[in-house]
Amino acid sequence: QVQLVESGGGLVQAGGSLRLSCAASGRTFSDYAMGWFRQAPGKEREVVASISWSGGNKYYTDSVKGRFTISRDNTKNTVDLQMNSLKPEDTAVYYCAAARRFGIATNKRSYDYWGQGTQVTVSS
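Reading the values: rules and limits
Residues numbered from 1 in each chain as written. Predicted model: local features only at pLDDT ≥ 70, side-chain atom pairs only at ≥ 80, totals over all residues. Heavy atoms only, no water. Helix = DSSP H or I, 4+ residues; strand = E, 2+ residues; numbered from the N terminus. Buried < 20%, exposed > 50% of the residue type's maximum accessible area, 1.4 Å probe, protein only. Contact = heavy atoms within 4.5 Å. Disulfide = S-S within 2.5 Å. 1 Å grid on protein atoms, 1.4 Å probe; cavity = no way out; pocket = protein on both sides within 12 Å on 5 of 7 lines; lining within 4 Å. Points joined across faces, edges and corners; volume = space filled by probe spheres on them. Pairing = 2+ DSSP bridges.

Take the environment of Thr-61 next. Note that Thr-61 resides in the loop between strand E6 (58-60) and strand E7 (68-73). Exposure remark for Thr-61: the relative accessible area of 14% places this residue in the buried category. As a C-alpha pair, Thr-61 and Val-47 span 14 residues in sequence and 6.8 Å in three-dimensional space. Residues in contact with Thr-61, not counting those within four places in the same chain, are Val-47 and Val-48.

In structure tokens form, the structure reads like this:
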């Protein structure tokens, strides 16, 4: 079992920045690929970014490339999402997730554990 707790969400103006953090506890953190997902009202949950167990491979959905950066610290059992140049369309609940695999995963069905989510609201 892996427990995930997100933090760092909030309200920010367009063009601003936020840093989300996810703290993991339970099983060996480095056994898991990690991902950040988001879900806006009335929309499906979508992948934002994914990172492999070592941090050596990363994936970003097209809409956040060049603006968001995913990183992990296996000594601290954390995975972060640095979000810059935020846009109103980034408004959503953001979820941290863990997948029992070493490589990146872009399908939400590949993930085994989920955090409770943190709200990000970007005003225009």
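There is more to say after this.
Another aspect to go through is the state of the cysteines. Each disulfide consists of one covalent bond between the sulfur atoms belonging to two cysteines. This structure, assessed with the given rule, holds one disulfide. Cys-22 shares a disulfide with Cys-96; S-S distance 2.1 Å. Classification of the bridge connecting Cys-22 and Cys-96 rests on its S-S torsion, roughly -75°, and on that basis the disulfide is left-handed. Note that Cys-22 is positioned in strand E3 (residues 18-26) and Cys-96 in strand E9 (residues 92-99), a separation of 74 residues in sequence. Taking relative accessible area as the criterion, Cys-96 reaches 0% and is therefore assigned buried.

With that settled, the discussion passes to empty space enclosed by the protein. Vacant regions in the atomic arrangement are exposed by a probe of water-molecule size rolled over the atoms. Enumeration according to the criterion identifies one cavity of 30 Å³ or more in this entry. In this structure, the largest cavity occupies an estimated 30 Å³ of space. Val-2, Ala-24, Arg-27, Thr-28, Phe-29, Tyr-32, Met-34 and Ala-98 together form the lining of the largest cavity.

This part covers the pairing of strand E5 (residues 46-51). Most of E5 sits inside the fold, with five of its six residues counted as buried. Sheet topology note: the strand E4 (residues 33-39)/E5 ladder contains five bridges and is antiparallel. When the sheet's bridge partners are listed, Met-34 is paired in E5 with Ile-51. Counted along the chain from E4 to the antiparallel partner E5, the turn is six residues long, and its residue Gly-42 has a positive phi close to 75°. Of the pairings in the sheet, the one linking E5 to E6 comprises three bridges and is antiparallel in character. Of the residues in E6, the one forming a bridge with Ala-49 is Tyr-60. Adjacent in sequence and paired antiparallel, E5 and E6 are bridged by six residues, among which Gly-55 carries a positive phi angle near 85°.

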